[in-house]
Amino acid sequence: MIDPLVWLILLPLAWATLAFLLGPGRGAWLAIAALLVQWCLAFVLAQKVGAGGTALTHAVGGWGAPLGIDLAVDGLSAAMLLLTQTVALPLAIYARSYFKQDPAGTWFWPLMGFLISGLNALFVSADLFNLYVTLELIGLAAVGLVAAGGGAQQLGAALRYLFAALLGSGAYLLGVALLYGAYGTVSIASLLPLVSDDAPRLVWIAGGLMVVGLMLKTALFPFHYWLPHAHGGAPAPVSALLSALVVKASFYLILRLWLGPLQPLLPTFAWLMALLGAGAIFWGSWQAIRAEKLKRLIAYSTVAQLGYLFLIFPLLAETVALKAGVMQVFAHGLAKAGMFAAAGVFIKATGHDTVAGLAGAVERMPVTLIAFGLAGMTLMGLPPSSGFLAKWQIIEAALAQGHWIIAVVALAGGLLAAVYVFRVLRQAFLLAPEGGTVAPVPRALEWSALALAVGSVVLGLRGVELMQLAGVGA
Amino acid sequence: MTTGMLFALVGVVLFAMGVAGVILIGHLLRRILAFNVMGNGAFLVLVGLAQRNGTPDPVPQAMVLTGIVVAVAATALALALVRKLHALTGQLELPEHADD
């Protein structure tokens, strides 16, 4: 019997190991083929969940909890699985061309496989300890990817990232230990009825530790210090994977806890989360506006865009806020992957990573510039992109519940995004300097970046289905 | 106070010391050791708190075994990175950022 749920975890593990044995050349083809299958599996799973209207569960090896490990998929998980495969597939095609004859790409394929496997496992895990293990899997694979470039700066960024990730998951684990001490279970479903408003102080501390640890891993302002170096310094396909997917994994987990077992405790902190989110939007945008390096600019834009995800917390009383959050995760995931991919093309072609070096890009690399522009459109939240839909939903929910301040922050964030996106576009439209050379770039690079960016815009037209899916089982 | 509670309290103290070490220490090897102290603190809490009426609960012990495997993997990765960094720069501390 083929349960897509299990194969979404096993397949990437299998191809990662095989890619390690086969080497980067054949490994790349294997990864692309397997990711295509995974995308179909995720799509089938999403349809099943959407049609059934309830969560699906699977007891691994026929052993249910508490002895075995239970996996569960509801609308939110199915949506995240779909996003992961949708972003990973074009990025794999991109990375195959990007890393051709580049020693930095030798270990890319196994690490990417382990990363995808960890992400898929995280999205279907139903107990807090299993979630800890998947968090660590993701963290270690991501650190390996950051270090793959091999330079001293990259190693430094990787080590900083590693220590941030380990601190985050350590705090999370201590929280899990305290919860287990209080209730004797780590299953999300069994914890749900146990935790109540008058829970002992110990449980409050546990909840606080878990959420703070995850905020560190999500790089929420002011815990974002590691992100610009790790995401800005890594090779472009790695930056794209990290910005589009990895930070979303820990955000997903915060959301899962918030809607699940920690529900009674956390409304107290909802406005703190929104405040930090607003801080992230302003600080990240400001740094992006000032950044001289292109990839640093995009990395700070990630800090800002992550802020939107935390604006939804005071609004979560209605499911529309959750749907807006999922929409923003998709919009940012696709757009940021496209944007980093486009930046990688610029860097490969011009040989340097500065915004100033982009002059003349409009004549020489129009396809890539369109990709960058479309992704920028989503980040700004212009219609009909998915970013527009996400921001519009946040603003609508905020006004409906009388929290106009959140609407103001969301609007201001869109304007600030326009400033840094147009800074890049303006530079690209300038005349090329005399004597500047532009290396030819493989077409697969340009077109896979464009595919991601177009996806982020077109998704805006199919947003209703996605938001319906996200609401299943919520 | 039961023995289990004692273990848990020691665990909390170790965890706090480990966190302080990971944040404050510049020397990378000592920082990796601090991370291990932190992890062991969390493991002690997990095992210590879960004793009911003096009989240990097997589930958290299985979890701690898994946790130890994760911690070993993380330590190995950190050591490999530090060795590479040392080979490149001759330093056992993180390089300053080039541009800020």
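Quantities reported herein were computed from a predicted structural model and do not represent experimental measurements. (Residues numbered from 1 in each chain as written. Chains lettered and ligands numbered in written order. Predicted model: local features only at pLDDT ≥ 70, side-chain atom pairs only at ≥ 80, totals over all residues.)

1. Details of the overall build of chain A
To keep it simple, the criterion reads: In this description a helix means any DSSP run of H or I spanning at least four residues, a strand means any run of E spanning at least two, and both kinds are numbered starting from the N terminus. Only C-alpha atoms enter the radius of gyration, while the globule expectation follows 2.2 Å times N to the 0.38, with N the number of residues. Residue burial is a threshold on neighbouring C-beta atoms within 10 Å of the residue's own C-beta, all placed from the backbone, with 20 or more meaning buried, 12 or fewer meaning exposed, and counts in between meaning partly exposed. Contact between two residues is assigned when their C-beta atoms, built from the backbone, lie within 7 Å.
A tally of regular secondary structure across chain A gives 19 helices and two strands. Its C-alpha atoms give chain A a radius of gyration of 21 Å, near enough to 23 Å, the size a compact globule of 474 residues would have. Seen through its C-alpha atoms, chain A measures out along the principal axes to roughly 70 × 55 × 45 Å. Looking at chain A as a whole, 64% of its 474 residues qualify as buried. In chain A, once contacts between residues fewer than 6 apart in sequence are set aside, the share between residues at least 24 apart is 80%.

2. Thoughts on the interface of chain B and chain A
The cut-off we apply is this: Ten residues, namely Ala, Val, Leu, Ile, Met, Phe, Trp, Tyr, Cys and Pro, are considered nonpolar, four, namely Asp, Glu, Lys and Arg, are considered charged, and the remaining ones, Gly among them, are considered polar.
The interface is formed by 32 residues belonging to chain B together with 27 residues belonging to chain A. No other element matches helix 3 (residues 58-89) of chain B, which puts 15 residues into the side of chain B that touches chain A. Broken down by class, the residue content of the side of chain B that touches chain A amounts to 25 nonpolar, five polar and two charged.

3. Brief notes about unusual backbone geometry
Residues and elements named next belong to chain A. Backbone torsion omega between Phe221 and Pro222 reads 0°, so that peptide bond is classified as cis. Examined against the element boundaries, Pro222 turns out to sit in the loop between helix 8 (201-218) and helix 9 (227-233). Looking along the chain, the bond that leaves Pro383 and enters Pro384 is cis, with omega of 5°. With respect to the helices and strands, the residue Pro384 is situated in the loop between helix 15 (366-380) and helix 16 (386-400). Of note in the backbone geometry, Ala219 takes a positive phi value of approximately 60° without being a glycine. Note on placement: Ala219 falls in the loop between helix 8 and helix 9.

4. As for the confidence of the model for chain B
All names here are of chain B. Selection rule: Residue-level confidence of the predictor, termed pLDDT, takes values from 0 up to 100.
Confidence along chain B averages 89 in pLDDT terms, with 95% of residues attaining 70 or more. Least confident of the elements in chain B is helix 1 (residues 3-24), whose mean pLDDT is 92; most confident is helix 2 (residues 28-49), at 94. The ipTM, which scores confidence in the relative placement of chains, is 0.95 for this predicted complex, and the corresponding pTM is 0.94.

5. Structural notes on the packing of helix 8 of chain A against helix 10 (residues 236-259) of chain A
In a packed pair of helices, the relevant descriptors are the angle between the two axes and the axis-to-axis distance. Residue and element names in this part refer to chain A. For the record, the criterion: Angles shown run from 0 to 180 degrees and are taken between the N-to-C directions of axes, each axis being a line fitted to C-alpha atoms and, for helices, limited to the stretch in contact. When describing relative orientation, an angle under 35 degrees is termed roughly parallel and one over 145 degrees roughly antiparallel, while 65 to 115 degrees is termed roughly perpendicular and anything else oblique. Crossing handedness: left-handed means the near helix sits turned counterclockwise from the far one by under a right angle, and right-handed means the same turn made clockwise.
Interhelical geometry of helix 8 versus helix 10 gives an angle of 155° and a closest axis separation of 8 Å. Between helix 8 and helix 10, the angle is such that the two are roughly antiparallel. For the crossing formed where helix 8 meets helix 10, the hand is left-handed. Contacts from Met210, Val211, Leu214, Lys217 and Thr218 of helix 8 reach helix 10 at Val247, Ser250, Phe251, Leu253, Ile254 and Leu257. Its residues assigned to classes, the contact of helix 8 with helix 10 shows eight nonpolar, two polar and one charged.

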